[in-house]
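Below are the chains, spelled out letter by letter.
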Amino acid sequence: MKFVDEFRNPEAARELLRQIEALAAAQPARKFMEVCGGHTHAIYRHGIEALLPESIELVHGPGCPVCVIPMGRIDDAIAVASTEGVTLCCFGDMLRVPGGTSSLLEAKAHGADVRVVYSPLDALALAEREPALNVVFLAVGFETTAPSTAATLLQARERNVANFSVLSNHVTIVPPLKAILDSPGLDLDGFLGPGHVSTVIGTRPYEFVPQHYQRPLVTAGFEPVDILQGVLMLLQQLHDGRCEVENQYKRVVSESGSAVALQLLRDVFVVRPHFEWRGLGFIAQSALGLSPGFADWDAELRFDVPGLRVADPKACQCGEVLKGALRPWECKVFGTACTPETPIGTCMVSSEGACAAYYNYGRYSPRSRIPVRAD
Amino acid sequence: MATDEDLDRRDAVLARIEEWRQRAPVLRDDTITMAHGAGGKASQSLIEAVIRPAFTNPELDRLGDAAVLDLPAGHRVVVSTDAFVVTPRRFPGGSIGDLAVNGTINDIACMGARPLGLTLSLVLEEGFPVAELREIVADVAEAADSVGVPVVTGDTKVVERGAADGCYLTTTGIGHVPAGLDLDARHVQPGDAVLVSGSIGDHGIAVMMARGDLALAAEVRSDTVALHGLVADLLAAVPKTRWLRDPTRGGVASTCNELAGSTGLGINLMEGELPILRPVVGACEMLGLDPLYIANEGKLVAVVPPDLADEAVATMRAHPAGTKAVRIGTVTDDHPGLVVVETPFGGTRIVDMLVGDPLPRIC
């Protein structure tokens, strides 16, 4: 995997940091938000924030699709998993997300058949191999993962696999981005746009950010050099007085996105009128449900789900953290009542959540600086 | 009234039966049944026909309830035990039988002890194929023979179908260490060098690939190997070695966290120095795993005084089990109790104790 080495090249990183320092020194302090869990994770995993000048702050937005699932929807998944004869398949980081009183991991310990898969196709393959099981795939993710759920449903319909259904919690990126931009008291100078969501939707959907909200947005990849270059491009725009959508992640993101993936989404999903986001409340047109043509594979129709709204625990400040209004360590219960082992909120459970990333990787962070060579 | 002819016939029949009973035991069953665990004839035939023939050695052949081992004068006993529940039971580079021998020997070896013998306890599920049991027993025997550490006693139990997953092994190892040799975390000091004996993450990834859940293929083999020879060489060259540990479940990260926790000191690791095979890097990238947390079965982490680090590395590299040994970090009094990794361009992140289980039933 040569490209991994190239995009983690220390020399390239040093050069980018040198340029960042130079531009930052000539500007006021800047706050950039990233709206992608993968970016949050990568920034902390590589210790990037500590390398940036102190005048640049990276704020973490609602880019973790696990983090934004409200507790009531987790309870729905637990109810389905606990139904006689059901095998619930999900991605690993869904297991410990707390619902109202329990989690999928606890349900599994009490006898529910919950299995980790790496792809919805694995869940479908399981259903075909074992006709006695009633397999439900818990679908989570932004437009990044929704196309593979769509492709799986198309295969399920084509092959008439009756013992398979999908419980969809897919969400879309633009509405929460807009919700953040609409929040009063917003104090952000620019956005690092999501990487892999953009491979599907392209960069055009973000045009509204510079056009209506006068903030630059740069879609960036996930390697350290990608992220640093993304930050540099934002600083350069602010320096030049430009305000536009730019694409740092050209090797996989195009302006128009993936026509194939977008068609898959259109074939299978419909946009729900509204959907509850943990911490952000109800947002219109922000989530995907199965279209009527796939009613036979819709777990929400097949099973009786409680569908209750569960209020977040009083101590939980995930909502503020997700909006970037609060930094993880400013949450009252961060690191004490709420830790990766005993998470109160989803920001701490998912490995891409801001709190988990900060707790696991960044809580000890001497602001070590690469000496800038005076060339 | 019995005639002489009757008595002769009776004696002939008794003699035939007696001769038959003296024959080498043969197990005709092809699956394990509850009878094999009952302690009676079926158990006996399982032991005689499958288990004992693999392990013959003077101590085991005495067939006592326990083994008696001799210790050199002045040496102290070192004992360690581990259960092995890995699935699948066979994977590139080895099997549950290899792990059962090497894993326990390595725990003994990391105390600086010379292994003397192993016990082997088997828990079998009703319905387990005898053919597979023969293979596992053969693997254990071969692994033990190849390092000259005999299996000196053991036990076999059978549980109902569903009460176990196939076959679980437990081995206990007994070893001895000379008085005065005291590898202990309390000897570790700030400034000490942290070394690893070779590439990390191989075993966990090999087992994961062998599970076949993923449509990934990689040329990764488990690194399972007994390390007592490597340890002996290391301690002979660097008697001032502070501490050794074999990083199994939870990987090098967990081992370093245990050290940081028990010493109250910090550890700095250099990400650029970590030896990781390219296919392991690739598999971990794809699966979102950190090689630092992935299990190893043939590696050790050593802490030595800083001025002896080069010699320790050179000594390990001269041994077949340590050819890729390298220094990966330093003990520090910064950030007490925490393990911190420095990335190649100067960023840092914490490497905390593992939460949850990235790869269950890995050993």
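Anything mentioned here points back to the structure above.
In what follows, the accompanying structure is described. (Residues numbered from 1 in each chain as written. Chains lettered and ligands numbered in written order. Predicted model: local features only at pLDDT ≥ 70, side-chain atom pairs only at ≥ 80, totals over all residues. Heavy atoms only, no water.)

**A word on the overall build of chain A**
Here comes step 1: A tally of regular secondary structure across chain A gives 16 helices and 13 strands.
Here comes step 2: Relative to the globule expectation of 21 Å for 375 residues, the C-alpha radius of gyration of chain A, 21 Å, shows essentially globular dimensions.
Here comes step 3: Looking at the 375 residues of chain A, the share that counts as buried comes to 58%.
Here comes step 4: Contacts in chain A between residues at least 24 apart in sequence constitute 78% of all its contacts with a sequence separation of at least 6.
Here comes step 5: Distance between charge centroids for chain A: 2 Å, based on 33 positive and 42 negative side chains. (Helix = DSSP H or I, 4+ residues; strand = E, 2+ residues; numbered from the N terminus. Rg over C-alpha atoms; globule rule 2.2 N^0.38 Å. Buried < 20%, exposed > 50% of the residue type's maximum accessible area, 1.4 Å probe, protein only. Contact = heavy atoms within 4.5 Å. Lys, Arg positive; Asp, Glu negative; His and termini not counted. Charge placed at Lys NZ, Arg CZ, Asp CG, Glu CD.)

**Observations concerning the overall build of chain B**
Here comes step 1: When helices and strands are counted, chain B shows 10 helices and 13 strands.
Here comes step 2: With the principal axes as the frame, chain B shows a C-alpha extent of 100 × 55 × 30 Å.
Here comes step 3: For chain B, buried positions account for 50% of its 363 residues.
Here comes step 4: Element-wise, carbon and sulfur atoms account for 52% of the exposed surface of chain B, whose accessible area totals about 16,300 Å².
Here comes step 5: Treating the 30 positive side-chain charges of chain B as one cloud and the 50 negative ones as another, the clouds have centres 3 Å apart. (Areas by Shrake-Rupley, 256 points an atom, 1.4 Å probe, with all protein chains shown as cover.)

**Regarding the sheet that holds strand β2 (residues 56-60) of chain A**
Residue and element names in this part refer to chain A.
Here comes step 1: Across the sheet, which stays open at both edges, the 5 strands sit in the order β2-β1-β7-β8-β9 with parallel pairing between neighbours. Two strands bound the open sheet, and with one partner strand each, they are β2 and β9 (245-247). For this sheet the average axis-to-axis angle between neighbouring strands, irrespective of direction, equals 25°.
Here comes step 2: By the bridge criterion, 3 bridges tie strand β8 (residues 217-219) to β9 in an arrangement that is parallel. Residue pairing across strands places Thr 219 opposite Asn 247, the latter belonging to β9. (Pairing = 2+ DSSP bridges. Axes fitted to C-alpha atoms, helices over the stretch in contact; angles between N-to-C directions.)

**Remarks on the environment of Arg 10 of chain B**
Residue and element names in this part refer to chain B.
Here comes step 1: Secondary-structure assignment places Arg 10 in helix α1 (residues 4-22).
Here comes step 2: Overall, Arg 10 belongs to the partly exposed group, its relative accessible area being 47%.
Here comes step 3: In this structure, the C-alpha to C-alpha distance between Arg 10 and Thr 56, residues 46 residues apart in sequence, is 36 Å.

**Here we look at helix α6 (residues 120-129) of chain A**
Residues and elements named next belong to chain A.
Here comes step 1: Taken residue by residue, α6 has Pro 120, Ala 123, Leu 124, Leu 126 and Ala 127 as its buried positions. The buried residues of α6 all sit within an arc of 155° when viewed along its axis, so they share a single face.
Here comes step 2: Tucked inside the fold, the buried residues of α6 contact β3 (86-90), β4 (113-116), β5 (134-141), α7 (146-158) and β6 (164-170).
Here comes step 3: Its side-chain oxygen at 3.0 Å from the backbone nitrogen of Leu 121, Ser 119 defines the N-terminal cap of α6. (Arc of directions from axis to C-beta. Polar contact = N/O pair within 3.5 Å; in protein donor to acceptor, adjacent residues only side chain to side chain.)

**Considerations on the pattern of salt bridges**
Here comes step 1: Going through the model one piece at a time under the given rule, you end up with 34 salt bridges over all chains.
Here comes step 2: For the salt bridge of Glu 276 of chain A with Arg 309 of chain A, the shortest nitrogen-to-oxygen distance reads 2.8 Å. Here Glu 276 of chain A is found in strand β11 (residues 274-277), whereas its partner Arg 309 of chain A is found in the loop between α13 (299-302) and α14 (318-322), with 33 residues between them in sequence.
Here comes step 3: When its relative accessible area of 15% is taken as the criterion, Glu 276 of chain A is described as buried.
Here comes step 4: Across the salt bridge formed by Arg 245 of chain B and Glu 258 of chain B, the nearest N and O atoms sit 3.2 Å from each other. (Salt bridge = Lys/Arg side-chain N within 4 Å of Asp/Glu carboxyl O.)

**Notes on the packing of helix α6 (residues 202-210) of chain B against helix α9 (residues 278-287) of chain B**
Residue and element names in this part refer to chain B.
Here comes step 1: The N-to-C vectors of α6 and α9 enclose an angle of 65°; their axes lie 10 Å apart at closest approach. Relative to α9, α6 is oriented so that their crossing is left-handed. Note on element contacts: α9 touches α6 through Val 280, Ala 283, Cys 284 and Leu 287, opposite Asp 202, Ile 205, Met 208 and Met 209.
Here comes step 2: Partitioned by chemical class, the residues of the contact of α6 with α9 number 7 nonpolar, no polar and 1 charged. (Left-handed = near helix turned anticlockwise from the far one by under 90°. Nonpolar A, V, L, I, M, F, W, Y, C, P; charged D, E, K, R; others polar.)

**Concerning the packing of aromatic side chains**
All names here are of chain A.
Here comes step 1: The final tally for this structure, using the stated rule, is 9 aromatic pairs over all chains.
Here comes step 2: Ring centres of Phe 91 and Phe 137 lie 5.7 Å apart, and the angle between their planes is 75°; this geometry places the pair in the edge-to-face category. A residue pair is termed long-range when its members are at least 10 positions apart, and Phe 91 in the loop between β3 and α5 (104-109) and Phe 137 in strand β5 qualify at 46 residues. With respect to burial, Phe 91 and Phe 137 carry one shared label: buried.
Here comes step 3: One aromatic cluster in this structure is built from Tyr 44, Trp 329, Phe 334, Tyr 358 and Tyr 359. (Phe/Tyr/Trp six-rings, centres within 6.5 Å; stacked < 30°, edge-to-face > 60°.)

**Let's talk about the nonpolar core**
Here comes step 1: Judged by nonpolar contacts, the single largest core of 98 residues is most densely connected at Met 94, Leu 104, Phe 137, Leu 138, Phe 164 and Phe 191 of chain A.
Here comes step 2: Sorting elements by how many residues they give to this core places helix α16 (residues 354-362) of chain A first, with 7 residues.
Here comes step 3: Apart from residues lying up to four places away in sequence, Phe 191 of chain A is in contact with Met 33, Val 35, Leu 177, Leu 181, Val 209, Arg 215, Pro 216, Leu 217, Val 218 and Leu 234 of chain A.
Here comes step 4: Of all hydrophobic cores here, the second largest spans 36 residues; its members include Ile 32, Leu 46, Phe 91 and Leu 122 of chain B. (Core = buried A, V, L, I, M, F, W, Y, C linked by side-chain atoms within 4.5 Å.)

**Side note on the packing of helix α4 (residues 96-109) of chain B against helix α5 (residues 130-146) of chain B**
Residue and element names in this part refer to chain B.
Here comes step 1: The geometry of α4 relative to α5 is characterised by a closest axis approach of 7 Å and an angle of 35° between their N-to-C directions. In the packing of α4 onto α5, the handedness of the crossing is right-handed. Contact with α4, carried on its side by Ile 96, Gly 97, Asp 98 and Val 101, involves Ile 136, Asp 139, Val 140, Ala 143 and Ala 144 of α5 and no other residues of that element.

**Looking at unusual backbone geometry**
Here comes step 1: Between Thr 87 of chain B and Pro 88 of chain B the backbone carries a cis peptide bond, its omega angle lying at 0°.
Here comes step 2: Within the secondary structure, Pro 88 of chain B is located in the loop between β1 (75-84) and β2 (90-91).
Here comes step 3: Within the chain, Gln 285 of chain A stands out as a residue other than glycine whose phi angle is a positive 55°.
Here comes step 4: The backbone of His 335 of chain B shows a phi angle near 30°, a positive value even though the residue is not glycine.
Here comes step 5: Of note, His 335 of chain B is situated in the loop between β11 (326-332) and β12 (339-342).
Here comes step 6: Note on His 335 of chain B: relative accessible area 8%, which makes it buried.

**Details of a nonpolar patch on the surface**
Here comes step 1: Judged by side-chain polarity, Val 13, Leu 14 and Ile 17 of chain B come together as a nonpolar surface patch covering roughly 230 Å² of accessible area.
Here comes step 2: Within the fold, Ile 17 of chain B resides in helix α1. (Patch = residues over 30% accessible without salt bridge, like charges linked within 9 Å, V, L, I, M, F, W, Y side chains within 5 Å.)

**Considerations on the sheet that holds β12 of chain B**
All names here are of chain B.
Here comes step 1: One open sheet accounts for 7 strands, arranged β8-β10-β7-β11-β9-β12-β13; its pairing is mixed. The sheet is open, and its two edges are formed by β8 (243-245) and β13 (348-350), each paired on a single side. Neighbouring strand axes in the sheet, compared pairwise and without regard to direction, differ in orientation by 25° on average.
Here comes step 2: Pairing analysis gives 3 bridges linking β12 to β13, with the strands arranged antiparallel. When the bridges of β13 are listed, Val 340 appears paired with Ile 350.

**Concerning the pairing of β11 of chain A**
Residues and elements named next belong to chain A.
Here comes step 1: As defined by bridge partners, β11 adjoins strand β12 (residues 281-284) across 4 bridges and the pair is classed as antiparallel. The partner of Glu 276 across the bridge, within β12, is Phe 282.
Here comes step 2: Adjacent in sequence and paired antiparallel, β11 and β12 are bridged by 3 residues, among which Gly 279 carries a positive phi angle near 85°.

**Section: the environment of Leu 227 of chain B**
Residues and elements named next belong to chain B.
Here comes step 1: Position of Leu 227 among the secondary structure elements: in the loop between α6 and α7 (228-237).
Here comes step 2: Sequence spacing of Leu 227 and Gly 337 is 110 residues, and the spatial spacing of their C-alpha atoms is 28 Å.
Here comes step 3: Leave out the neighbours within four places in its chain, and Leu 227 touches Asn 106, Ala 109, Gly 298, Lys 299, Leu 300 and Ala 321.

**Concerning the state of the cysteines**
A covalent bond between the sulfur atoms of two cysteines is what we call a disulfide.
Here comes step 1: Overall, the coordinates contain 0 disulfides over all chains when judged by the stated rule.
Here comes step 2: Cysteine Cys 331 of chain A remains unbridged, with the sulfur of Cys 355 of chain A as its closest cysteine sulfur at 6.1 Å. (Disulfide = S-S within 2.5 Å.)

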